[in-house]
Number of protein chains: 2
Amino acid sequence: MIKTPYLLFLGDAPDQLAAKVAQGIKDWRPENVVGQISLEGCGADLGIEELDLDSAYEKGARTLVIGVANRGGVISQAWKTVLIEALSKGYDLASGLHNLLRDEEDLVEAAEKYGRTLHDVRVPSVNYPIANGKTREGKRCLAVGTDCSVGKMYTAMAMDNLMRERGMKSSFRATGQTGILITGDGVPLDAVIADFMAGSIEYLSPDNDPDHWDLIEGQGSLFHVSYSGVTMALIHGGQPDALILCHEPTRETMRGLPDYTLPSLEELQDTALPLARIANPACQVAAVSVNTQHMSEEDAQTYLNEVEARLGLPATDPYRFGADKLVDALKDL
Amino acid sequence: MIKTPYLLFLGDAPDQLAAKVAQGIKDWRPENVVGQISLEGCGADLGIEELDLDSAYEKGARTLVIGVANRGGVISQAWKTVLIEALSKGYDLASGLHNLLRDEEDLVEAAEKYGRTLHDVRVPSVNYPIANGKTREGKRCLAVGTDCSVGKMYTAMAMDNLMRERGMKSSFRATGQTGILITGDGVPLDAVIADFMAGSIEYLSPDNDPDHWDLIEGQGSLFHVSYSGVTMALIHGGQPDALILCHEPTRETMRGLPDYTLPSLEELQDTALPLARIANPACQVAAVSVNTQHMSEEDAQTYLNEVEARLGLPATDPYRFGADKLVDALKDL
C-alpha cells in the first residue's frame, strides 16, 4: 500500500503525453494529489499547484510519485538529486518505470538511511497463492475487450467513481502499473508467475459486503494471442458476476498483431461468458462500453444505438457520455 | 539443453513412487540412460544397472539427474557428497526440485571449481519474447484436458514415440519439469512470467519441416480455474493444427477443487476449438485420449466405443491399447 497523498514528479517531461501517469492520477484521484514538482525545461503541466518538497510535505504529501516516463531507460542524475532529497525529507518513492528504483544503489542507500520505502509497482511485492476457486462474498465486475487497449481501465475507473458518487459501495481493483499508482494498491498481473495469476486476482478481490462491487481492471483480450492467458486468469480468478464488453469500432487489426482482425462484440460475448460461468455460474454480460474517440458524436450515437439493438444490451461511451448506463446495468442485474 | 546420456540418481528414495521422475526418463528415453545410482536404504529400483560414478562416466554419462523427490524440502548432506563428487568427476547436475541447486553454496562452488553446469529445470533459463502470433511452418498437436493430470503428457509422449517408430518426423516439446528432464530441453511454463507465456511456447515450437509434428505437452485445463490461463497461453502460443481431448472418466471433481465438477468431452471440444482457431483457423479436434486406469478392460472398451459414437472421433487409452488411433488421426487430418 503506497502512502497518500502524493506529490507528483513530472521531471523534465518533454510534453504532456510523457506525463500521462501523473495525469491519470490527477484525473481519477485528485483527492490523493497535493501538487506537482517539475525540473527545468519540463513541458508538462497538470494545471495544479507547483510545490517544492518542503511545502508539499507540510500539506501532507508522503509519497513522491514518478508520474513521467524516463528517456533512454536511465534514471538521470538530475532526477536522482530530487529523489534523494525527497527521501531525506520523509517521502517514500513510487515508480512504474521499467528500470527499478531498487536497482539504483544510491536510492537504496538513501532509503535505508532515512527509513523510507521504494515502491516499484511493476514488480509483485506479495507471494500470491494458487487460486482455490472458492466462492467469495460481494459482487465483482470485469471489463473484457475485443482487443488490448480499448478502454477497459477507463471503463472500470469511470464506473467506480460514479458508483461512489451515487453512494454505492465499490472499489476499483488495479491490475496494471498505472492503476496501481492511481489507487495506491493492486496486482501487477503481467509480471506475476504463471501458476499464481488467478490466485493473485483472488487475493486482490477478497470477500466483501454482499452489496459491494469490485471493479476489476481488465488486461489483454481472450482474442489477443500474446496476452490471452492473462485475460483468462482474470476471468477465473475474478469470478465476475458481471462482464462489460469493451470495443473500439474503428480499429482494423489487433494491437501489435497486423495479421489478426478484431472479433465482433457477439463473438466476444459468446466466448467470454461460458468461460466466466465456469467460476461463477451466475455471471451475466451487463453492458457494452465503446471507445468512440475516433468517431464524430453523431456517428458514435448511431453506432451505440445499433449495438443496443443488435445485442439487446445497454451501450455507451463512458468518456463521452458518462458511465450511467453501465452502472444502471449493474443495478439491474 | 541438458547433456545426455544420464546417470539417474535415486538417492535414498523411500519407495518406487518417490523416484517417478527417474522412472519416466527410463520408460520414455531409455536410450538417454546409462544406469542408476542409489544411496544406502534406497527403496526404489528401475531394474537397470547400478553403477558408480566412474563406471557410468566411462559408459558415456555426462549428467547426473536427480530422479527422486527429496524429503522435507532439504538437500541432505548424504546427497551432497555424491553430487559434489559427480561434479568433480565431470558430470553436470540436473534437477526439478523445488529447492534449487543454485541456492546451495557448496554445489555452486564445486560447479565453478570444476567448470560444470547446474540445471534447475523448474526455473526458466531464457528471456522469452512476447508472442507475435505469426504463422509457423510445420504441424503442431496439443493435448487439452477436461482437468489437470488426466494423462496429457503421457498422450503426447506415446504419440511422439510411435510416430518416430513409424518413421514420421516428430518432436515431443516439454512444458513441465518431468518432461524437460526426460527430453533434456523445454519450457517450465508454470514458472514463466505472465506476459511471456505464449511467447515461450512460440519459442519452444519454432518453424519446422512442413511434414514435421511437434507434440506439445499440455498443462492445466481451460476448466481448472487455478491454471486455465496457462492452458490458454499454450493454445494460442502453440497455434495447434490438431487438438487431442484428454479425459479421466471416473474422476468426480476437478483436481484440488472439490466444488467444481468436470466438464464433458463435448464441452471441452466446444470451448477449446474456437479458442484454438483464433491462432490457427485450420485447427481440428483429431481424437480423444482416455485414461482408463480405474476401469476394467471391458468397461474401458465399452466407454471408448461410446465416446467414438457420441463424438464421431477416434478414442483410445494410449497406455492400455497403444497410441495408434491417435497417430492415425493426425495422418487423416
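So, here is what we can say about the structure in this document. The shown structure was predicted, so the numbers you read here are calculated from the model rather than taken from an experiment. (Residues numbered from 1 in each chain as written. Chains lettered and ligands numbered in written order. Predicted model: local features only at pLDDT ≥ 70, side-chain atom pairs only at ≥ 80, totals over all residues. Heavy atoms only, no water.)

1. Quick look at helix α1 (residues 20-28) of chain A
Taken together, the buried positions of α1(A) are V21(A), A22(A), G24(A), I25(A) and W28(A). The arc that holds the buried residues of α1(A), viewed along the axis, is 160°, so those residues lie on one side. (Buried < 20%, exposed > 50% of the residue type's maximum accessible area, 1.4 Å probe, protein only. Helix = DSSP H or I, 4+ residues; strand = E, 2+ residues; numbered from the N terminus. Arc of directions from axis to C-beta.)

2. Things to note about the relation of the copies chain B and chain A
Of the transformation superimposing chain B on chain A, the axial component is 0.0 Å and the angular component is 180°, with the fit at an RMSD of 0.1 Å. Viewed as a symmetry operation, the transformation between the two copies matches a two-fold axis. (Least-squares fit on C-alpha atoms with pLDDT ≥ 70 in both.)

3. Topic: the nonpolar core
Counting 94 residues, the largest nonpolar core has L243(A), V288(A) and L243(B) as the members making the most contacts within it. If we skip the residues at most four places from it in the chain, V288(A) touches I244(A), L245(A), L265(A), V307(A), L311(A), L313(A), P314(A), A315(A), T316(A) and L326(A). Membership of the second largest hydrophobic core comes to 70 residues, among which are V33(B), A61(B), A110(B) and L330(B). (Core = buried A, V, L, I, M, F, W, Y, C linked by side-chain atoms within 4.5 Å. Contact = heavy atoms within 4.5 Å.)

4. Side note on the pairing of strand β9 (residues 242-247) of chain A
All names here are of chain A. A large share of β9 lies buried, amounting to six of its six residues. Residues A242, I244 and C246 of β9 are buried on one face, and the alternating residues L243, L245 and H247, pointing to the opposite face, are buried as well. Strand direction decides the pairing type here: strand β6 (residues 139-145) and β9, joined by five bridges, are parallel. Bridging from a neighbouring strand, V144 pairs with L245 of β9. As judged from the six bridges shared by β9 and strand β12 (residues 284-290), these two strands associate in the parallel manner. Bridge assignment links H247 to a residue of β12, and that residue is V290. (Pairing = 2+ DSSP bridges.)

5. Quick look at the side chain of R29(B)
Mapping R29(B) onto the fold places it in the loop between α1 (20-28) and β2 (33-38). Every residue in contact with R29(B), bar those within four places of it in the chain, is listed here: G24(B), M157(B), D160(B), N161(B), R164(B), F172(B), I182(B) and T183(B).

6. Digging into the interface of chain B and chain A
Each side of the interface is counted separately: chain B has 31 residues, and chain A has 31 residues. Of the roughly 2,600 Å² buried at the junction of chain B and chain A (both faces included), carbon and sulfur atoms supply 62%. Taken together, the links from chain B to chain A amount to 10 residue pairs in polar contact (both at pLDDT 80 or more). Looking at the side of chain B that touches chain A, the elements that each hand over two or more residues are α7 (197-204), α8 (228-238), β11 (257-261) and α9 (265-279) of chain B. Looking at the side of chain B that touches chain A, the element that brings in the most residues is α8(B), giving six residues. (Buried area = accessible area lost by both parts, 1.4 Å probe. Polar contact = N/O pair within 3.5 Å; in protein donor to acceptor, adjacent residues only side chain to side chain.)

7. Considering the environment of A56(A)
Residue and element names in this part refer to chain A. Topologically, A56 is positioned in helix α2 (residues 53-58). In this structure the C-alpha to C-alpha distance between A56 and L7, which are 49 residues apart in sequence, comes to 6.7 Å. Excluding anything up to four places from it in sequence, A56 contacts L7, V34, L51, A61 and Y91.

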